[in-house]
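As a plain string of letters, each chain reads:
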There are 2 protein chains.
Amino acid sequence: MTTNHRVKIMETVLRDGHQSLAATRMRISDMLPMLEQLDEIGFHALEAWGGATFDSCLRFLDEDPWERLRTLKKHLKKTPIQMLLRGQNVLGYNHYADDVVTEFVNRAVDNGVGIIRIFDALNDVRNLEVAMRAAKKAGAHVQGAFVYTISPYHNQESFLKVAKDLVELGADSICIKDMSGLLAPYTAYELVKTLKADIAVPIQLHTHYTSGMASMTYLKAIEAGVDIIDCALSPFALGTSQPATEAIVAALEGTERDTGIKKEQLYPIADHFRSVKKSLAQDFNLNTAIDIDTKVLSFQIPGGMLSNLLNQMKEQGMADKYPDLLEEMPRVRAELGYPPLVTPTSQITGSMAAFNVMLGRYKVIPREIKDLVRGKYGRTPAPIDPEFRKMIVGDEPVITHRPADDIAPQMDFLRQELAEKGYPNASTEDVLSYAVFPDVALNFFSKHR
Amino acid sequence: MTTNHRVKIMETVLRDGHQSLAATRMRISDMLPMLEQLDEIGFHALEAWGGATFDSCLRFLDEDPWERLRTLKKHLKKTPIQMLLRGQNVLGYNHYADDVVTEFVNRAVDNGVGIIRIFDALNDVRNLEVAMRAAKKAGAHVQGAFVYTISPYHNQESFLKVAKDLVELGADSICIKDMSGLLAPYTAYELVKTLKADIAVPIQLHTHYTSGMASMTYLKAIEAGVDIIDCALSPFALGTSQPATEAIVAALEGTERDTGIKKEQLYPIADHFRSVKKSLAQDFNLNTAIDIDTKVLSFQIPGGMLSNLLNQMKEQGMADKYPDLLEEMPRVRAELGYPPLVTPTSQITGSMAAFNVMLGRYKVIPREIKDLVRGKYGRTPAPIDPEFRKMIVGDEPVITHRPADDIAPQMDFLRQELAEKGYPNASTEDVLSYAVFPDVALNFFSKHR
Ligand SMILES: [Co+2]
Ligand SMILES: [Co+2]
């Protein structure tokens, strides 16, 4: 071991843990009994907001996400609340106007968020600028995250460059965000070493257990000097979630990089969340026991999505073309400029490959593919071949500037729209809920406003 | 990494994997469709016999365990079949006569076992002598295993000494057997280094995911030069089973200690066993989704057993004494000479501690405690205080010799007993089934002989 300082842990049980294993269905009432105890552990932060929780609150749990945030903040007096933000997409999959992004960040920080992790699915840092600037101004700790992926255009140097760009933009820390567990232990060691050598701010690693390597990956990242790792308490760990907090704490006990956390303090909290998991599984009819599936390493697409695609092909009587699909996917991904395969690019690429195999290559082209190819989501990691682009979008204009430059301010317009729908005194928070999830927000307002 | 050779994998899906996660209920029909494919992978061995499988075959699956072994051998032409043997206990928890042990080993090897892992719950090597000698003579690869545990009387030196004794007895390889996942990664590194420095035969590591550290433990053991590790294909991995084969293979891919196994070849096999797990869960009404529980590190007793004890105390209206129980357990273990807490010593120690807390210390003393204290199972790791022994067993004779020296040959007697029960022409295999599990064997014979 090369560094002599404590590993810090960011606990994800209140966000990514249940988003990964329980369809984001954890309710504030499930959290409340343990917030004070969680606050006492000495976690670097508690991830508890953003990601899919906002949508889930409004859509499934009949909770106001802003109210949840204020409640969390009231009980978490020592430990910063961390949120996950998709850059210019805020919490969705489309780009929003700058004023929506800025206002969203402002209200999040004002209501209790202390650390904002900001990323872009294509690692186009221009899509992070506005959110990072707003977060900085609002006084939050701004974490710039880049998505880890594997392709001929991604390597230690390309990731280092993105990280440097993020620091340039004001990042207080850098996060390696590995959403499908692609990062192998010894690769993690090299990547963390590379970043630590050139980046002065703390380096955090976020991974998922999907392929089964995640805790080994953390161990090697720790040996390489990573500062912070994301873990979930055991009932909401493993499977497609993070490595287990208790296990990492125990593994480092008494070593140079001891977390300083007492594992015994975690047991009663884990016991509580074990029964929460059981009740979520019952109340929402969920399968919370998700096996790891190393297939993700071969196709960069989780096994569950592969079997969905296979089922679609079966329905069309084309199951025999499944091997072709497995060959077509990397080909499509290369043509699309090697986007990291995360939501929604994984679905977009998978569907495109399935269409290609079933109907002929690019006979049918979904809107999302056209948008991706003409730059509407930002710069792809690899340049797109001009002839390929021409085939996909014809003469549609290509976007080389920051995509959100084309979007006029929306806040005033949204506020007015809400007034016309019967909510003339909507709070800024409500306008933002309406901005990002209009239909579910209106449905929620109809019951609660 | 310090050694430049392939890590070998012993695959446990056919034995410890389903023994750990599916109550040992996997049937030969669940295995048959994949045996040829498993045989092609290049595993060091396939653990497929012994442990609890023998009892389960007869008791629950209406299968003759010897017949299963012959069927396995017919389909596994390249990869050795490995079995687990509890030394002088064979497959149970009592000592058997030397002729039973010897004959059991003979028949196991004759029917297809290639590697026999032999251990004793107290690490008293005298309890391994007869089985090891028989296995050696029968031409099997003899693996001497010692149980890993944590106590003031267990350390690198004490384990090295047991390992050396086992090599002296003819062990072709040594196994560190960590039944509850107590071995932490950096401790594993030191232990493997210590053994590799002084032991010429290959070192194998067997651990369980129970505490959540197991794959990290393997990684550090691999860096220290361990030769073979035990893994289970992902559907029967993690939880209280072994780390996942695919994940370990993937983590080492392209490194100096690459396993040489192609992970893509494992996917269809894992898919098959994923559906086997589902059908076992349905057919036998099992919960196959077992969370890790790091509590095992604090109490050396898995969390499930702790909650059983808590429930017993609740039934007696003494739930408030549970914290006393947690303090009493290590005290009892110390008094008993620090036995490794594995089946059955974990149950014995746990019950004794519960009795002590509920009824007063040693007011009621189960037979098993008296036997353990007077040496009937063998030498305890730490000497037992003479006054304590006197309190427990009074003037009962103390056993300092090899316990099985007191047991007269049993085979002829058992064969005659079987004849009297209506099976005069019982095969030696049937006599052995009757020797180790008399009632279930008779019940099985009544239907099939
Ligand atoms: Co995540
Ligand atoms: Co085992």
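The written sequence of each chain sets the order in which its residues are numbered from 1. Written order determines the labels here, with chains lettered from A and ligands numbered from 1. Local features in this predicted model are restricted to residues whose pLDDT is 70 or higher, and side-chain atom pairs enter the listing and the counts only when it is 80 or higher, whereas totals over whole chains, interfaces and linings include all residues. Values reported for side chains reflect all heavy atoms of the structure, with hydrogen atoms and water molecules removed beforehand.

With that settled, the discussion passes to the domain arrangement of chain A. Interfaces are frequently sized by the accessible area removed from exposure as the parts join. Split by domain assignment, chain A resolves into domain 1 (8-283), domain 2 (295-401) and domain 3 (410-448). Here the C-alpha centre of domain 3 of chain A lies 35 Å away from the C-alpha centre of domain 2 of chain A. What marks off one domain from the next here is an automatic or database domain assignment.

Turning our eyes to something else, we now look at the coordination of the cobalt ion (ligand 1). Residue and element names in this part refer to chain A. For Na, K and Ca the donor cut-off is 3.2 Å, while for other metals it is 2.8 Å, and in both cases only N, O and S atoms qualify; water is not among them, so sites may look incomplete. Coordination of the cobalt ion (ligand 1) by the protein is provided by Asp 16 (OD), His 206 (NE2) and His 208 (NE2), with metal-donor distances spanning 2.0 to 2.1 Å. Read in sequence order, the donor residues coordinating the cobalt ion (ligand 1) give the pattern D-x189-H-x1-H. The exposure classification of His 206 matches that of His 208, with both residues buried. Burial classes follow relative accessibility: with a 1.4 Å probe on protein chains only, a residue under 20% of its type's maximum area counts as buried, one over 50% as exposed, and anything between as partly exposed.

Taken together, Asp 16 of chain B (OD), His 206 of chain B (NE2) and His 208 of chain B (NE2) make up the protein donors of the cobalt ion (ligand 2), found 2.0 to 2.1 Å from the metal. Note on Asp 16 of chain B: relative accessible area 4%, which makes it buried.

Across the boundary between the two partners, chain B contributes 37 residues, which contact 37 residues of chain A. Joining two parts hides part of their accessible area as seen by a 1.4 Å probe, and the buried area is that hidden amount summed over both. With both chains or domains summed, chain B and chain A bury close to 3,100 Å², and 64% of this area falls on carbon and sulfur atoms. Salt bridge, as applied in this entry: a Lys or Arg side-chain nitrogen positioned within 4 Å of an Asp or Glu carboxyl oxygen. As a salt-bridge pair, Arg 274 of chain A and Asp 291 of chain B come within 3.9 Å of each other at their nearest N and O atoms. Counting of polar contacts relies on pairs of N or O atoms within 3.5 Å, with two restrictions inside protein: one atom must be capable of donating a hydrogen and the other of accepting it, and residues adjacent in sequence are counted only when both atoms are side-chain atoms. Seen at the junction of chain B and chain A, the total is 16 residue pairs in polar contact (both at pLDDT 80 or more). Helix numbers and strand numbers start at the N terminus; a helix is a DSSP run of H or I with at least 4 residues, a strand a run of E with at least 2. Those elements that place two or more of their residues in the side of chain B that touches chain A are helix 9 (185-198), helix 10 (214-223), helix 11 (245-252), helix 12 (263-283) and helix 13 (295-299) of chain B. Any residue outside Ala, Val, Leu, Ile, Met, Phe, Trp, Tyr, Cys, Pro, Asp, Glu, Lys and Arg is labelled polar, Gly included; the first ten of those are nonpolar and the last four are charged. Classifying every residue of the side of chain B that touches chain A gives 19 nonpolar, seven polar and eleven charged. By definition in these notes, contact holds between two residues if any of their heavy atoms fall within 4.5 Å.

Time to look at the environment of Thr 349 of chain A. All names here are of chain A. Relative to the helices and strands, Thr 349 is located in helix 16 (residues 345-359). Overall, the relative accessible area of 1% leaves Thr 349 in the buried class. Along the primary structure Thr 349 and Val 332 are separated by 17 residues, whereas in three dimensions their C-alpha atoms are 6.7 Å apart. Side-chain polar atoms of Thr 349 contact the backbone oxygen of Thr 345, separated by 2.7 Å.

Another point: the pairing of strand 7 (residues 203-207) of chain B. Two faces belong to every sheet, and in a regular strand the side chains alternate between them. All names here are of chain B. In terms of burial, strand 7 is a largely internal element, five of the five residues being buried. By the alternation rule, side chains of strand 7 split into Ile 203, Leu 205 and Thr 207 and Gln 204 and His 206, which are all buried. Any two strands between which DSSP finds at least two bridges are classified as paired. Bridge count between strand 6 (residues 173-178) and strand 7: five bridges; the pairing is parallel. Its bridge partner being in strand 7, Ile 176 is matched across the sheet by Leu 205. One crossover worth recording links strand 6 to the parallel strand 7 by way of helix 9, and it is right-handed. Relative to strand 8 (residues 228-231), strand 7 runs parallel, the two being bridged by two bridges. Along strand 8, the bridge assignment pairs Gln 204 with Ile 228. Crossover handedness for the path strand 7 to helix 10 to strand 8: right-handed. When the strands point away from the viewer and the path from the first strand over the helix to the second turns clockwise, the crossover is right-handed.

Time to look at the packing of aromatic side chains. Residues and elements named next belong to chain A. Pairing of aromatic rings covers Phe, Tyr and Trp, the last counted by its six-membered ring, and requires centre-to-centre distances within 6.5 Å; plane angles under 30 degrees mean stacked, over 60 mean edge-to-face, and any other angle means tilted. What the rule picks out here adds up to 27 aromatic pairs over all chains. Between Tyr 148 and Phe 159 the ring centres are 5.3 Å apart and the planes differ by 35°, which places this aromatic pair in the tilted class. Taken together, the residues span a long stretch of sequence, with Tyr 148 in the loop between strand 5 (141-147) and helix 8 (156-168) and Phe 159 in helix 8 at a distance of eleven residues. Assessed through its relative accessible area of 8%, Tyr 148 is described here as buried.

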